[in-house]
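Here's the letter readout for the chains.
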Amino acid sequence: MEKELLRKNLDDVIYKIEKARLSVSGHHIVQLVAVGKYTTVQNIETLYSLGQRAFGENHVQQLESRSKELEDLPIEWHMIGTLQKNKINKLLDIKPSLFQALDNLDLAKELEAKLANKQKTLSCLLQVNSAREDTKSGFSPEVAIETYLQILSECPHIKLEGIMSIGAHSNDVKQIQNSFETTYKIYEKLQKNGANICSMGMSGDFELAIKCGSNLVRVGSSLFENNLNS
Ligand SMILES: *Cc1c(COP(=O)(O)O)cnc(C)c1O
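All residue numbers refer to positions counted from 1 along the written sequence of the respective chain. Whole-chain, interface and lining totals are the exception, using all residues; otherwise, since this is a predicted model, local features are given only for residues with pLDDT of at least 70 and side-chain atom pairs are given and counted only at 80 or more. Only hydrogens and water are removed before side-chain values are computed, so all heavy atoms of the structure are retained for them.

(A) Summary view of the overall build of the chain. Counting its regular elements, the chain contains 9 helices and 8 strands. In this setup the radius of gyration rests on C-alpha atoms only. A globule is expected at 2.2 Å times the number of residues raised to 0.38. Over its C-alpha atoms the chain spans a radius of gyration of 17 Å, differing by no more than 12% from the 17 Å that the globule rule assigns to 230 residues. Taken along the three principal axes of its C-alpha coordinates, the chain extends 50 × 40 × 35 Å. Buried residues in the chain amount to 49% of all 230 residues. Each accessible area is a Shrake-Rupley result for a 1.4 Å probe, and residues are judged covered by the shown protein chains and nothing else. A total accessible area of about 11200 Å² is found for the chain, and carbon and sulfur atoms account for 46% of it. Neither His nor the chain termini are counted; the positive set is Lys and Arg, and the negative set is Asp and Glu. For the purpose of locating charges, the reference atoms are NZ of Lys, CZ of Arg, CG of Asp and CD of Glu. With 27 positive and 29 negative side-chain charges, the chain shows a spacing of 2 Å between the two charge centroids. Helix numbering and strand numbering both begin at the N terminus, where a helix is a DSSP run of H or I of at least 4 residues and a strand a DSSP run of E of at least 2. Residue exposure (1.4 Å probe, protein chains only): buried if accessible area is under 20% of the type maximum, exposed if over 50%, otherwise partly exposed.

(B) Helix 6 (residues 141-154), seen in detail. Compared with the 20 Å implied by 1.5 Å per residue over 14 residues, the 20 Å span of helix 6 between its first and last C-alpha is a close match. Inspection of helix 6 places Pro141, Ala144, Thr147, Tyr148 and Ile151 among the buried residues, and these make up the whole buried set. Expected span of a helix: the number of residues minus one, times 1.5 Å.

(C) Main features of the environment of methionine 200. Of note, methionine 200 is situated in the loop between strand 7 (197-199) and helix 8 (206-211). Given a relative accessible area of 0%, methionine 200 falls into the buried group. Taking the C-alpha atoms as reference points, methionine 200 and lysine 8, separated by 192 residues in sequence, lie 23 Å from one another. The contact partners of methionine 200, leaving out residues within four places of it in the chain, are Ser165, Phe180, Thr183, Tyr184, Ala209, Cys212, Gly213, Ser214, Leu216, Val217 and Arg218. Residues are treated as being in contact if the distance between any of their heavy atoms lies within 4.5 Å.

(D) Quick look at the pairing of strand 5 (residues 122-127). Most of strand 5 sits out of view: 6 of its 6 residues are buried. Alternating residues of strand 5 divide into Leu122, Cys124 and Leu126 and Ser123, Leu125 and Gln127, and every residue in both groups is buried. In this structure, strand 4 (residues 98-102) lies alongside strand 5, joined through 2 bridges in parallel fashion. For phenylalanine 99, the partnering residue across the bridge sits in strand 5 and is cysteine 124. We call two strands paired when DSSP finds no fewer than two bridges between them.

(E) Local environment of the UniProt feature "modified residue: N6-(pyridoxal phosphate)lysine" (unreviewed entry) in the chain. UniProt positions are given in the numbering used here, feature names are shortened, and annotations may be inferred rather than shown by experiment. According to UniProt, the feature "modified residue: N6-(pyridoxal phosphate)lysine" (unreviewed entry) maps to Lys37 in the numbering used here. Residue placement: lysine 37 occurs in the loop between strand 1 (31-35) and helix 2 (41-49). With residues up to four places along the chain from it excluded, the contact list for lysine 37 reads Glu57, Asn58, Gln62 and Arg66.

(F) Looking closely at the packing of aromatic side chains. Pairing of aromatic rings covers Phe, Tyr and the six-membered ring of Trp, with a centre-to-centre limit of 6.5 Å; geometry is then stacked below 30 degrees between planes, edge-to-face above 60, and tilted otherwise. For the structure on display, the rule yields 2 aromatic pairs. Ring geometry for phenylalanine 55 against tryptophan 77: centres 6.1 Å apart, planes inclined by 45°, an arrangement best described as tilted. With phenylalanine 55 in strand 2 (residues 54-57) and tryptophan 77 in strand 3 (residues 76-79), this residue pair connects regions lying 22 residues apart in the sequence. Given the relative accessible area of 0%, phenylalanine 55 is considered buried. An angle of 50° between the planes, with centres 5.7 Å apart, marks the rings of tyrosine 184 and tyrosine 187 as tilted. A residue pair is termed a helical-turn pair when its members lie 3 or 4 positions apart in one helix, as tyrosine 184 and tyrosine 187 do in helix 7 (residues 173-190) at 3 residues. Residue classification places tyrosine 184 among the partly exposed residues on the basis of a relative accessible area of 24%. Residue classification places tyrosine 187 among the buried residues on the basis of a relative accessible area of 4%.

(G) Focus on the site of the ligand. Every residue lining the ligand is accounted for by Val35, Lys37, Tyr38, Asn58, Ile80, Ile166, Met202, Ser203, Arg218, Val219, Gly220 and Ser221. Between lysine 37 and the ligand, the recorded distance is 2.7 Å, taken from a side-chain N or O atom to an oxygen atom. Isolated, the ligand exposes 390 Å² of accessible area, and the fraction of that covered by the protein chains is 89%. Considered class by class, the residues forming the shell around the ligand number 6 nonpolar, 4 polar and 2 charged. What makes a residue near a molecule or strand is one non-hydrogen atom of that residue sitting within 4 Å of it. Polar contacts here mean pairs of N or O atoms no more than 3.5 Å apart (in protein, one a potential hydrogen donor and the other a potential acceptor; neighbouring residues in sequence count only if both atoms are side-chain atoms). Any residue that is not Ala, Val, Leu, Ile, Met, Phe, Trp, Tyr, Cys, Pro, Asp, Glu, Lys or Arg is counted as polar, Gly included; the first ten are nonpolar and the last four charged.

(H) Representation of the nonpolar core. Of all hydrophobic cores here, the largest spans 67 residues; its most connected members are Leu47, Phe99, Leu102, Leu111 and Ile158. The contacts of leucine 47, once residues within four sequence positions are left out, are Leu6, Leu10, Ala34, Gln52, Phe55, Leu223 and Phe224. Residues enter a nonpolar core if they are buried and are Ala, Val, Leu, Ile, Met, Phe, Trp, Tyr or Cys, with the set joined through side-chain atoms within 4.5 Å.

(I) Seen up close, helix 5 (residues 105-118). With 14 residues, helix 5 extends 20 Å between its outermost C-alpha atoms, agreeing within 8% with the 20 Å of an ideal straight helix rising 1.5 Å per residue. On its buried face, helix 5 is in contact with helix 4 (88-94), strand 4, strand 5, helix 6 and strand 6 (158-164). For helix 5, the capping residue at the N-terminal end is asparagine 104, with a side-chain oxygen 3.2 Å from the backbone nitrogen of aspartate 106.

Okay, structure coming up:
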């Protein structure tokens, strides 16, 4: 992709984030994580040269190969997709800044055991299935808080930093907003337990997510779409 096109896409996304966050408050800071799953490592490198520092991948293999290829750059890598238990060691070797998709207790327990063994810690977000969709992973909103507290107390090597959720898969804005509001309410209650990241919002809905309180958006297609007329 042309550098100028990537610059335009990045500018557009940043402008929209700015507008949305300022409508919440000038003090509301939002982090942009660029999701590379639809693009090439070259485009990630170009986006880095344009100033973007945080990148996310949803497959461990992809995260591994890209973080290796770009190891000379001080990129902040996020693992945003479901993690199979047999990939835990691989993920720990990559040492991502944040694992955003802690979505079941078995995984948490095995992750804790491996971390304790290696005397390491890992920053994680609890994934909540606020839209209650079978196709999405994550804890149901009803058990999210107690599960978060349970992991906090039983898994000292897992550094829970907050929660992550994917907005409802719907054309009905109200329904998407409901799912974001559900996530935000859970986040709000967990702030006194140290939660400081509310990760929600993707290309199609990040402005709405920010207005509902998101402070981390994961944006892929809007950054890497190859359409001069958009
Ligand atoms: C792919 C992906 C994104 C980015 O999606 P876009 O709609 O392309 O912005 C965000 N979060 C997760 C978990 C993803 O898998």
